[in-house]
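# Architecture and fold: a report
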Amino acid sequence: MSAHSHLDGQLPHEPERATLEGRNKVLGFWLFLGGETVLFGTLFSAFLALRDQVGDGNPSGQELFKLMTVAIATVILLTSSLTSVFAIQAMHRNQVKAMQGWLILTVLLGLAFLGLEIYEFYEYVHEGHKFSTSAFSSSFYTLVGFHGAHVLFGIVWISLLIAQVARKGLNVVTAPKVYVAGMYWHFIDVVWVFIFTVVYLMGKVA
Amino acid sequence: MAHAHPVKRYTGLMDWLTTVDHKKIGILYLIAGGFFFLIGGLEALLIRVQLWKPLNNFVSADTYNELITMHGTTMIFLAAMPIIFAMMNAIVPLQIGARDVAFPFVNALGFWTFFFGGLLLNISWIAGAVPDAGWTSYLPLASPTYSTDKGVDYYVLGLQIAGIGTLVGGINFLVTIINMRAPGMSFMRMPMFTWSAFITSALILFAFPALTVGLVALMFDRLFSANFFEVSGGGNTVLWEHIFWIFGHPEVYILILPAFGIISEVIATFSRKRLFGYSSMVFATVLIGFLGFMVWAHHMFTVGLGPVANALFSIATMLIAVPTGIKIFNWIFTMWGGSIKFTAANLFAVGFVPTFVMGGVTGVMLAAAPADFQYHDSYFVVAHFHYVIVGGLVLGLFAGLHYWWPKMFGRMLGEGLGKLTFWTFFIGFHLTFFVQHFLGLLGMPRRVYTYLDGLGFNNMNLISTIGAFLMGVGTIIFIINIIVTSAKPKTAGNDPWEDGRTLEWAIPSPAPEYNFVQTPLVRGYDALWKEKMDGNEGMSPAEPIGPIHMPSPSILPFVMSLGLFIAGFGFMYANNDWQAGFFKDLFASHAVAGAGLLITLSCMVIRSLKDDHGFHIEPEELTNKGVKA
Ligand code: HEM
Ligand SMILES: [Cu+2]
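Residues numbered from 1 in each chain as written. Chains lettered and ligands numbered in written order. Predicted model: local features only at pLDDT ≥ 70, side-chain atom pairs only at ≥ 80, totals over all residues. Heavy atoms only, no water.

To continue, consider the overall build of chain B. Helices and strands together make up the secondary structure of chain B, namely 18 helices and two strands. Relative to the globule expectation of 25 Å for 629 residues, the C-alpha radius of gyration of chain B, 25 Å, shows essentially globular dimensions. Summarising its shape, the C-alpha atoms of chain B cover approximately 70 × 65 × 50 Å along the three principal directions. Across chain B, every contact between residues at least 6 apart in sequence was considered, and the portion connecting residues at least 24 apart equals 83%. Taken as a whole, chain B presents about 22800 Å² of accessible surface, with 70% of it coming from carbon and sulfur. Taking the average place of the 32 positive charges on the side chains of chain B and the average place of its 35 negative ones, the gap between the two points comes to 8 Å. (Helix = DSSP H or I, 4+ residues; strand = E, 2+ residues; numbered from the N terminus. Rg over C-alpha atoms; globule rule 2.2 N^0.38 Å. Contact = heavy atoms within 4.5 Å. Areas by Shrake-Rupley, 256 points an atom, 1.4 Å probe, with all protein chains shown as cover. Lys, Arg positive; Asp, Glu negative; His and termini not counted. Charge placed at Lys NZ, Arg CZ, Asp CG, Glu CD.)

Below, the structure written as structure tokens:
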């Protein structure tokens, strides 16, 4: 029960599940991601319902989207998912330094992704694709922007965790936090894969 | 090693603001939900006064729209849901033999966000811009074109903030029930109320995010000129209806399932029999929860989705009547041959059964799509949902409150006054709503502030208004009962009804802070009853007596929610037509909104960085004292 029992001494094999608090956190987070799935599912549905409502004289997705930029962003984000897996594997081997390194790399890749996205939005706005231009633009920015906000949140969160582990070390209190942040990061990755297909690829061919 | 850092323990108001104890949070939910229930009830009485005679001008048409909108929104989101959460907080951990919930901090956060969201919504009355587009807030009525004042903004932001609280509360209960059951408490030994809390929480988890998105979209339309529902910009108003009802229909089952759970406990206890068909009850609850997601378009039969869609949703809706019917029969068979005690709690439970059946029957009538073209938007629908919500949920909550009051507060509610509450409320209820079926069939539309003379509506509306006041009297008697009871000494024993079957009756009333001195060992369904039948004194423990770890109290949930509250105002008044000056600069720059969000985010950072070591209660301190109420 007590969060203290493993603080000193050897870390157990799966430190994130060593305490009841840890197990609660992991399960609670899985459920939270279930709710997030409904959230993004609804955003996707709204986008699909409105994506053809471009309005007269406004740029359509086909004209706007630059698959090259988006593809690079996709590769970056998928790579960051991989680095976060390495971080968790390092955690399970109790290699704190390696874990921290992989986490820092994950954050950097996240920042690169975000930078590309901001640049992309900036371009779109200049081409007349503003938030209030049409139902298409509103639902586009809301869906992709919600995802971007999730990435930003994840970056801040993981950075704080890196600082925390640096101060307190890896133990049965910090391990579940890192593990859960990893789950979160995978989730936003999966959402992005759907955005890439549904918004960009389908938008380009349609 | 077991010694943690000493923790500051607060008293008085600070104790309530910082508590993370699920029993106290339950009481907070009850007080706040009860308060909003009174506000919503007052609004209902004003509506009924306006309608007591034809062409009445007690309130204006505008005010009337505000009253019906705020009545519906308040009752569903700020009264019914919180009182359900009150019962779940007070009872579920006890029923599964847990010392605490899975996330005590998050639980407190859930309460405070609900509270501040509700406050924000109701401040609209003071601000003079009240939501008036109905509790369903359909578009285009709720669009910036047709709702030009800030009324609908209050609706959007108030519900958004309150909704966060509900969502995290639901996750807390799911994890609590999955991970924290006492040894031997398998899923198929869980009391029915806990089962219903479990399924309701799952519905919350999968339904509320849809509402979140709907509200965000409406907020973006209203505050940042988005075009989700703006037809001129290519938006689609039917999209809102889909999103709202994909949330909205599961929501009505979120409301009714806990009542089903309460009724199952109360009827079994006072029939002094095991609940009939327990496994089929569990199965029916799960099935209702599942089907609840497939029927939302029965609220949209008249939109024009086409005959195929209407037919499918019609059949799916009627299907729900099957598991519901299973439950009704199980309750009747539980009573059958039992030695029934008609306590006040049981009166409410027994009164629930036929009343809810009537609501279910009108539901199936409404589910026949072609017929619904006649019923839709008439008083028939109003009668239907009040039969299921008031005659169902509210009677269930009254039953639960009378039944568990001793467990929450250590005192039994007066039986005499309780029975009087039942009869006045019950008769008042049927007077109010029975006639509304016929008003609807005669063609009286809902949500219209008055009606003409000579349509045959007069007498029935008068009866309805009289009934509403009788329900008001019933509520006042209940409040008197509470006040009288709170003056009595705390004498309730562990098992004040003497027929308790489930674990909560194995521990003192009210439950001590740590619930169980020793985690109990569960040996069967109706855990306590089984021990009684085997001739044992209470539960056998599953662990030796030892120090008990408790979470520390924290003010952060309160401050976090306050931050959201401030941010809500900031967003709402950012594009207000302020006169140039300090306030304009403050709001238009989004400084207020930003500051609010910053408060909330900083609290999250503090929470993440500062470990909560909690504290330990040592064996010598385990005095079996209950929580103070
Ligand atoms: C056998 C079960 C039920 C069936 C078949 C059913 C069916 C329906 C249908 C078809 C409507 C739409 C009527 C219309 O607008 O024309 C409706 C409305 C409604 N029902 Fe039910 N219902 C059932 C149970 C419940 C329960 C248990 C609750 C709540 C606890 C509930 C709450 C509502 C509400 C609030 C509305 C009206 C919403 C509004 O337009 O403001 N229903 N029901
Ligand atoms: Cu429905």
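In this fold, Phe293(B) is placed in the loop between α8 (278-291) and α9 (307-335). A C-alpha to C-alpha distance of 8.6 Å links Phe293(B) and Leu203(B), two positions 90 residues apart in sequence.

Attention now moves to the coordination of the copper ion (ligand 2). Residues and elements named next belong to chain B. In the first shell of the copper ion (ligand 2), the protein supplies His249 (ND1), His298 (NE2) and His299 (NE2), at 1.8 to 2.1 Å from the metal. Donor residues binding the copper ion (ligand 2) come from one chain and are separated in sequence as H-x48-H-H. A spacing of 4.5 Å is found between the copper ion (ligand 2) and the iron atom of ligand 1. Note on His298: relative accessible area 15%, which makes it buried. Note on His299: relative accessible area 23%, which makes it partly exposed. (Donors = N, O, S within 2.8 Å, 3.2 Å for Na, K, Ca; no water. Buried < 20%, exposed > 50% of the residue type's maximum accessible area, 1.4 Å probe, protein only.)

Below, the discussion takes up the side chain of His71(B). All names here are of chain B. Within the secondary structure layout, His71 lies in helix α3 (residues 61-95). The class for His71 is buried, based on a relative accessible area of 16%. With residues up to four places along the chain from it excluded, the contact list for His71 reads Gly40, Glu43, Ala44, Ile47 and His386.

Right, let's get into the interface of chain A and chain B. Counting residues at the interface gives 36 residues for chain A and 35 residues for chain B. Of the roughly 3100 Å² buried between chain A and chain B on both sides combined, carbon and sulfur atoms contribute 73%. Here chain A and chain B share zero salt bridges between them. When contributions to the side of chain A that touches chain B are tallied by element, the ones reaching two or more residues are α1 (20-50) and α5 (135-168) of chain A. Tallying contributions element by element places α1(A) first for the side of chain A that touches chain B, with 18 residues. Here the residues of the side of chain A that touches chain B sort into 16 nonpolar, 15 polar and five charged. (Buried area = accessible area lost by both parts, 1.4 Å probe. Salt bridge = Lys/Arg side-chain N within 4 Å of Asp/Glu carboxyl O. Nonpolar A, V, L, I, M, F, W, Y, C, P; charged D, E, K, R; others polar.)

A few words on the nonpolar core. All names here are of chain B. Ranked by internal contacts, the top residues of the largest apolar core, which has 167 residues, are Phe77, Phe208, Trp331 and Phe352. Sorting elements by how many residues they give to this core places helix α6 (residues 192-224) first, with 20 residues. If you count residues domain by domain, this core takes at least three from each of domain 1 (22-494) and domain 2 (556-611). Non-local contacts of Phe352, meaning those with residues more than four positions away in its chain, are made with Ala259, Phe260, Ile263, Trp331, Gly391, Gly392, Leu395 and Gly396. (Core = buried A, V, L, I, M, F, W, Y, C linked by side-chain atoms within 4.5 Å. Domains from an automatic or database assignment.)

Attention now moves to α8(B). Residue and element names in this part refer to chain B. For α8, spanning 14 residues, the distance from its first C-alpha to its last is 20 Å, which sits close to the expected 20 Å at 1.5 Å a residue. Every buried residue of α8 is listed here: Tyr278, Met281, Val282, Ala284, Thr285, Ile288, Gly289 and Leu291. In the core, the buried residues of α8 are packed alongside α6, α7 (237-271) and α9. (Expected span 1.5 Å × (residues − 1).)

Here we come to the site of ligand 1. All names here are of chain B. In the region of ligand 1, 22 residues are neighbours, and Trp135, Asp372, His376, His384 and Arg446 sit closest. The separation between a nitrogen atom of ligand 1 and a polar side-chain atom of His384 is 2.8 Å. For the shell around ligand 1, the secondary-structure elements that each account for two or more residues are α7, α10 (344-367) and α12 (379-409). If you tally residues by element for the shell around ligand 1, the top one is α10, at six residues. Split by residue class, the shell around ligand 1 holds 13 nonpolar, seven polar and two charged. (Near = heavy atom within 4 Å. Polar contact = N/O pair within 3.5 Å; in protein donor to acceptor, adjacent residues only side chain to side chain.)

All right, on to the packing of aromatic side chains then. Think of a pair of aromatic rings as described by two things: how far the centres are apart, and how the planes are tilted against each other in angle. Under the criterion given, the structure shown has 86 aromatic pairs over all chains. Plain terms: the ring middles of Phe131(A) and Phe220(B) are 5.5 Å apart, the flat faces sit at 80 degrees to each other, and that makes the pair edge-to-face. Of this pair, Phe131(A) sits in the loop between α4 (96-126) and α5 while Phe220(B) sits in helix α6, each in a different chain. For Phe131(A), a relative accessible area of 24% corresponds to the partly exposed category. (Phe/Tyr/Trp six-rings, centres within 6.5 Å; stacked < 30°, edge-to-face > 60°.)

Once that is clear, we can look at the domain arrangement of chain B. A common way to report how large an interface is uses the accessible area buried once the components associate. All names here are of chain B. When the domains of chain B are assigned, the result is domain 1 (22-494) and domain 2 (556-611). Of note, the centres of domain 1 and domain 2, computed from C-alpha atoms alone, are 31 Å apart. With 19 residues of domain 1 at the contact, the number on the domain 2 side is 17 residues. Roughly 1700 Å² is buried in total at the junction of domain 1 and domain 2, and carbon and sulfur atoms are behind 82% of that figure.

With 31 residues, α4(A) should cover 45 Å at 1.5 Å per step; its first-to-last C-alpha distance of 45 Å lies within 8% of that length. Following α4(A) by one or two positions, Gly128(A) has its phi on the positive side, about 90 degrees.

Bringing unusual backbone geometry into the picture now. Residues and elements named next belong to chain B. Omega for the bond connecting Leu139 with Pro140 falls within 30 degrees of zero, at 5 degrees, which places this linkage in the cis form. With respect to the helices, strands and loops of the structure, Pro140 is situated in the loop between α4 (104-127) and α5 (151-179). Omega for the bond connecting Ser509 with Pro510 falls within 30 degrees of zero, at -10 degrees, which places this linkage in the cis form. Backbone geometry places Leu55, a non-glycine residue, at a positive phi of 50 degrees.

What the protein offers the iron atom of ligand 1 as a donor is a single atom, His384(B) (NE2), at 2.1 Å. By the secondary structure assignment, His384(B) is in helix α12.

Another point: the pattern of salt bridges. All names here are of chain B. Throughout the structure, instances matching the rule amount to 15 salt bridges over all chains. Residues Lys23 and Asp21 are paired through a salt bridge, measuring 3.0 Å at the closest nitrogen-oxygen approach. Judged by relative accessible area, Lys23 falls into the buried class, the value being 6%. Classification of Asp21 as buried rests on a relative accessible area of 12%. The closest approach of N and O atoms between Asp534 and Lys530, which form a salt bridge, is 3.6 Å. The class of Lys530 is partly exposed, set by a relative accessible area of 29%.

Further remarks concern the confidence of the model for chain B. Residues and elements named next belong to chain B. Within chain B, residue pLDDT values average 93, and 98% of them lie at 70 or more. Note on residues 1-5: pLDDT is under 50 here. Beyond four places in sequence and across chains, it has eleven contacts. This stretch, residues 625-629, has a pLDDT under 50; its non-local contacts, to residues over four places away or in other chains, come to 21 contacts. (pLDDT = per-residue confidence, 0-100.)

Time to look at the confidence of the model for chain A. Residue and element names in this part refer to chain A. In this model, chain A carries a mean pLDDT of 91, and residues with pLDDT of at least 70 account for 95%. Averaged pLDDT values for the elements of chain A fall to 90 in helix α2 (residues 61-64) and rise to 96 in α4. Under a pLDDT of 50 for its full length, residues 1-8 has, in the predicted model, eleven contacts with residues more than four places off or in other chains.

This brings us to the packing of α7(B) against α9(B). Residue and element names in this part refer to chain B. At a closest axis distance of 9 Å, the pairing of α7 and α9 adopts a crossing angle of 15 degrees. Classified by the angle between their axes, α7 and α9 sit roughly parallel to one another. α9 is crossed by α7, and the crossing has left-handed handedness. Of the residues in α9, those touching α7 at His249, Tyr253, Phe260, Ile263, Ser264, Ile267, Ala268 and Ser271 are Ile320, Thr324, Lys327, Trp331, Thr334 and Met335. A per-class count over the contact of α7 with α9 returns eight nonpolar, five polar and one charged. (Axes fitted to C-alpha atoms, helices over the stretch in contact; angles between N-to-C directions. Parallel < 35°, antiparallel > 145°, perpendicular 65-115°, else oblique. Left-handed = near helix turned anticlockwise from the far one by under 90°.)

Time to look at a nonpolar patch on the surface. All names here are of chain B. Taken together, the side chains of Trp52, Trp423, Ile427, Leu431, Leu462, Ile463 and Ile466 define a hydrophobic patch exposed on the protein surface, amounting to about 610 Å² of accessible area. Of all the secondary structure elements, the ones that give two or more residues to the nonpolar patch are α13 (415-442) and α14 (458-486). Secondary-structure assignment places Leu431 in helix α13. Classification of Leu431 as partly exposed rests on a relative accessible area of 31%. (Patch = residues over 30% accessible without salt bridge, like charges linked within 9 Å, V, L, I, M, F, W, Y side chains within 5 Å.)

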